[in-house]
Amino acid sequence: MKSPEETKAILVPVDFTEITSNAINHAVELAKLFNKPIQLLHIVSKGLFESETKIEVEEEEALAKLANLAEEIFASTGIETASMVRRGNIYDTIGEIAKELPATLAVMGTHGVKGIQKIVGSNAIRVIYSAGEVPFFVVQQRPVPEDGYKKVVLPFSFTAESRQKLAWAIHLNKIFKCKFHLLIETENDEFIAQKLKNNQVFAEKYLKQHDCNYE
């Protein structure tokens, strides 16, 4: 997992709906905290019977909308904001771009029945999985909290990769002074259960060493 210093921008997938407007609001606050620019991304998917001309028109229109949106964000916040339109599907292409940048994190709005809003449940997991090690910040309708993000759920499994989250947890704690809620899987297999226990002990020791509040 890359450190924030090795990354380039806060990625925000945009489908021009109200829920992604809220995602942008969250991204603005995170961009300020991480001192990163914002990268707007719109995905154009080509249907089976759609012509190349129609797709090109959709791309041009989307890029124009994104450019206007980027100008608005910069004018109101002073945060550098870039625009990008890519062909593909929302389930795979968002993750591909997140890795390509590489993104500090991706802020994605989900909820509803169209566009990016239809990414819920297992579909959201599919997007996140495609991004590899890039962290995802998934928002719905809740506005940006006035006092910052104070509660962070930290899911842990038996894998060694699960420990990689801890470095990011420490970075989040420096910014938000948050409380971590360790979510540990239950496992009947004794061998895997012992691995889980080892990871839990390691995580608790690591968080204590860095003065993190957790339960």
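Here, the structure is the one placed above.
Structure report, in brief. Just so you know, these numbers come straight off a predicted model, no measurement behind them. (Residues numbered from 1 in each chain as written. Predicted model: local features only at pLDDT ≥ 70, side-chain atom pairs only at ≥ 80, totals over all residues. Heavy atoms only, no water.)

## As for the nonpolar core
Line of reasoning, step 1. Judged by nonpolar contacts, the single largest core of 40 residues is most densely connected at Val12, Ile38, Leu40, Val107, Phe180 and Leu207.
Line of reasoning, step 2. In terms of residue count, helix 1 (residues 18–34) provides more of this core than any other element does, seven residues in total.
Line of reasoning, step 3. With residues up to four places along the chain from it excluded, the contact list for phenylalanine 180 reads Val152, Leu154, Ala169, Leu172, Asn173, Leu207, Cys212, Asn213, Tyr214 and Glu215.
Line of reasoning, step 4. Counting residues in each nonpolar core, the second largest holds 17 residues, with Ile43, Ile94, Ile97 and Val127 among its members. (Core = buried A, V, L, I, M, F, W, Y, C linked by side-chain atoms within 4.5 Å. Buried < 20%, exposed > 50% of the residue type's maximum accessible area, 1.4 Å probe, protein only. Helix = DSSP H or I, 4+ residues; strand = E, 2+ residues; numbered from the N terminus. Contact = heavy atoms within 4.5 Å.)

## Comments concerning the side chain of asparagine 173
Line of reasoning, step 1. Its location among the elements puts asparagine 173 in helix 5 (residues 165–176).
Line of reasoning, step 2. For asparagine 173, a relative accessible area of 8% translates into the label buried.
Line of reasoning, step 3. Beyond its immediate chain neighbours, meaning those up to four positions away, asparagine 173 contacts Cys178, Phe180, His210, Asp211 and Cys212.

## Thoughts on the side chain of glutamate 59
Line of reasoning, step 1. By the secondary structure assignment, glutamate 59 is in helix 2 (residues 52–77).
Line of reasoning, step 2. There is a polar contact of 2.6 Å between the side chain of glutamate 59 and the side chain of arginine 87.
Line of reasoning, step 3. Those residues in contact with glutamate 59 that sit more than four places away from it in its chain are Val44, Val85 and Arg87. (Polar contact = N/O pair within 3.5 Å; in protein donor to acceptor, adjacent residues only side chain to side chain.)

## Topic: the packing of helix 5 against helix 6 (residues 190–209)
Line of reasoning, step 1. At a minimum axis distance of 11 Å, the contact between helix 5 and helix 6 shows a crossing angle of 30°. Considering the angle they form, helix 5 stands roughly parallel to helix 6. Crossing of helix 5 over helix 6 shows right-handed handedness. Side by side, helix 5 and helix 6 meet where Leu166, Ala167, Ala169 and Ile170 of the first sit next to Phe202, Ala203, Tyr206 and Leu207 of the second. (Axes fitted to C-alpha atoms, helices over the stretch in contact; angles between N-to-C directions. Parallel < 35°, antiparallel > 145°, perpendicular 65-115°, else oblique. Left-handed = near helix turned anticlockwise from the far one by under 90°.)

## Some words on the packing of helix 1 against helix 5
Line of reasoning, step 1. Following both chains from N to C, one finds helix 1 and helix 5 inclined at 95°, their axes separated by 11 Å at the closest point. In terms of axis orientation, helix 1 runs roughly perpendicular to helix 5. Residues Leu30, Leu33 and Phe34 of helix 1 touch helix 5, and the partners they reach there are Trp168, His171, Leu172, Ile175 and Phe176.
Line of reasoning, step 2. Tallied by class, the residues present in the contact of helix 1 with helix 5 amount to seven nonpolar, one polar and no charged. (Nonpolar A, V, L, I, M, F, W, Y, C, P; charged D, E, K, R; others polar.)

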